[in-house]
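# Inside the fold
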Amino acid sequence: MGKDERGKHEQSRGPLSPHLILQRTSKQHVREGVPVIERGEGVRIFDEDGHSYLDLTAGNTRPVHVGYGRREIAQAVYDQIMKLPYFTPMRFANRPASDLADALAEVAPGGIDHFTFVCDGSEAVETAIKLARHYHVSRGDLQRHKVISRRGAYHGVTGGALRALGTVNAMRQIMEPLAPGTVFVDSPYCYRCPLHLSYPECGIACARDIERFIEFEGPSQVSALIAEPIQQGFGAYRPPKEYWRIVREICDRHGVLLIVDEVICGFGRTGRWFAIEHFDVEPDIMTMAKGISSGYVPLGGVGCTARVWEPIDTFQHLHTYGNHPVSCAAALKNLEIIRAEDLIRRSEEMGAYFLEQMKPLESNPIVGEVRGTGLWTAVDLTTDGATRALFPMERMDSLVRRGREKGIILKYMGPSLEFAPPLIITREDIDAGIEQIEACLREEAEEMGLG
Ligand code: PLP
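What comes next is a walk through the structure. (Residues numbered from 1 in each chain as written. Predicted model: local features only at pLDDT ≥ 70, side-chain atom pairs only at ≥ 80, totals over all residues. Heavy atoms only, no water.)

This brings us to the sheet that holds strand β9 (residues 257-261). Within the open sheet, the seven strands sit side by side as β5-β11-β10-β9-β8-β6-β7. Their pairing is mixed. The open sheet is flanked by β5 (112-118) and β7 (182-185), the only strands paired with a single partner. Here the average twist between neighbouring strands, direction ignored, is 20 degrees. Note that strand β8 (residues 222-227) and β9 share four bridges and pair parallel. Paired with L225 across the strands is L258, a residue of β9. Across the sheet, helix α8 (residues 243-254) lies against β6 (146-150), β8 and β9, angled at about 145 degrees from β9, the strand it touches most. (Pairing = 2+ DSSP bridges. Helix = DSSP H or I, 4+ residues; strand = E, 2+ residues; numbered from the N terminus. Axes fitted to C-alpha atoms, helices over the stretch in contact; angles between N-to-C directions. Contact = heavy atoms within 4.5 Å.)

Quick look at the structure:
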């Protein structure tokens, strides 16, 4: 574990307050002790005890695209607070929100050119689902309420978002019954195909199958299909190249709106502004969060095409913190940094390097598949490369612990270790990270008797 050599850390402040509820953290984890993160700089974070860690997860939930410690963003936030900290998004506007909508219209894919802002990814998903319904209702199409999502999808934790949650099932099940009208289809996950087929002989059955579901549900009742362009649930899974075109065509045939959830993938994570650009398909509605503000302040957003916006007179939606001027000012500065430092191209280049360095890990007996797009990569783990048997969950926790002991922040997602470092990561940091990842995997395999 690395020590913070500059001695800037403060001494440990004793145990955590028993009054704080951590999110998605078991009491056992709390008893074992969770690190208290005190500060960050570049691609490193430091805990209260002075340990430093290379963060291969950009804040674990992956928003910190421009890295830690950006004074320019702090200054933009300060300036905006002093000028105007808040005013309602209803019947009033503010300049940062207007400028952010302009800035996004320049980089958003296809015809996405109308935007509104909320506080996070879940709210963006809620808003997108409402917007789709609003579009249909405004055109007199009152029956369209069903939303198609995919098993293995993650779209957040609030009511509408939970409707579309096809992974972390406990989160959804504990809140059931949810609003009716959710339809789950299979995900494109070729490494462990849910339909037990093989690409390309499968003819992309997982995509074609969506039409069967729509026909069964009644096309006149289906409002939207929501999906991540590259999916986190199995570990940064990129679908076959034909997948998105087929999905788009099916949606068009049945008047179903296509909502692309770019909450993780957006703002350079996959080496493009938005991941749907890899597939040459245009969405009707798009959600954003995380990299939009690099996590410095809470912000989410929704974009739609002129076609979707045109029939809606008044969007019946209002968050107190909608179009928040401070969050929008932070996002504008964040976008300026992404542009000035060419971080989209950098993600593509460094991502290719990361993947190249990760490939040899496939010789480890517990590694099934190494994959990635831009600076979003994953190592799919298995106890048996031939049958692709799932890796035990407790072993995932053990890998993450090992990483922490070696001074790197790791995370797992479904069956994979997943990597999403800040887009400013250097080759040297990648080399150092890979060395530790390799050691973690080797030690784990040995302990399991598979080494
Ligand atoms: N959509 C996707 C694809 C996500 O990955 C997430 C969060 O990880 C969300 C929505 C929900 O975002 P938030 O956690 O900001 O509410």
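Further remarks concern empty space enclosed by the protein. Any space left empty among the atoms is revealed by the rolling of a water-sized probe across them. Counted by the stated rule, this structure contains one cavity of 30 Å³ or more. In this structure, the largest cavity occupies an estimated 100 Å³ of space. Forming the boundary of the largest cavity are 15 residues, of which C190, C193, C202, A205 and C206 lie nearest the centre. Its residues placed into classes, the lining of the largest cavity shows 13 nonpolar, two polar and no charged. (1 Å grid on protein atoms, 1.4 Å probe; cavity = no way out; pocket = protein on both sides within 12 Å on 5 of 7 lines; lining within 4 Å. Points joined across faces, edges and corners; volume = space filled by probe spheres on them. Nonpolar A, V, L, I, M, F, W, Y, C, P; charged D, E, K, R; others polar.)

Looking now at the site of the ligand. Around the ligand, the neighbouring residues are D120, G121, S122, Y154, H155, G156, E228, Q232, D261, V263, I264 and K290. Contact distances for the ligand include 2.8 Å between an oxygen atom and a backbone N or O atom of G121. Between the ligand and D261 there is a distance of 2.6 Å, counted from a nitrogen atom to a side-chain nitrogen or oxygen. A total of 390 Å² of accessible area belongs to the ligand in isolation, and the protein chains cover 85% of it. Here the residues of the shell around the ligand sort into three nonpolar, five polar and four charged. (Near = heavy atom within 4 Å. Polar contact = N/O pair within 3.5 Å; in protein donor to acceptor, adjacent residues only side chain to side chain. Areas by Shrake-Rupley, 256 points an atom, 1.4 Å probe, with all protein chains shown as cover.)

Turning next to the layout of surface pockets. Roughly 510 Å³ of internal volume is contained in the second largest pocket. Forming the boundary of the second largest pocket are 25 residues, of which P89, M90, T116, H317 and N323 lie nearest the centre. Elements with a minimum of two residues in the lining of the second largest pocket: α3 (95-107) and β5. Ranked by the residues each element gives to the lining of the second largest pocket, the list is headed by β5, at four residues. A class-by-class count of the residues in the lining of the second largest pocket yields 13 nonpolar, 10 polar and two charged.

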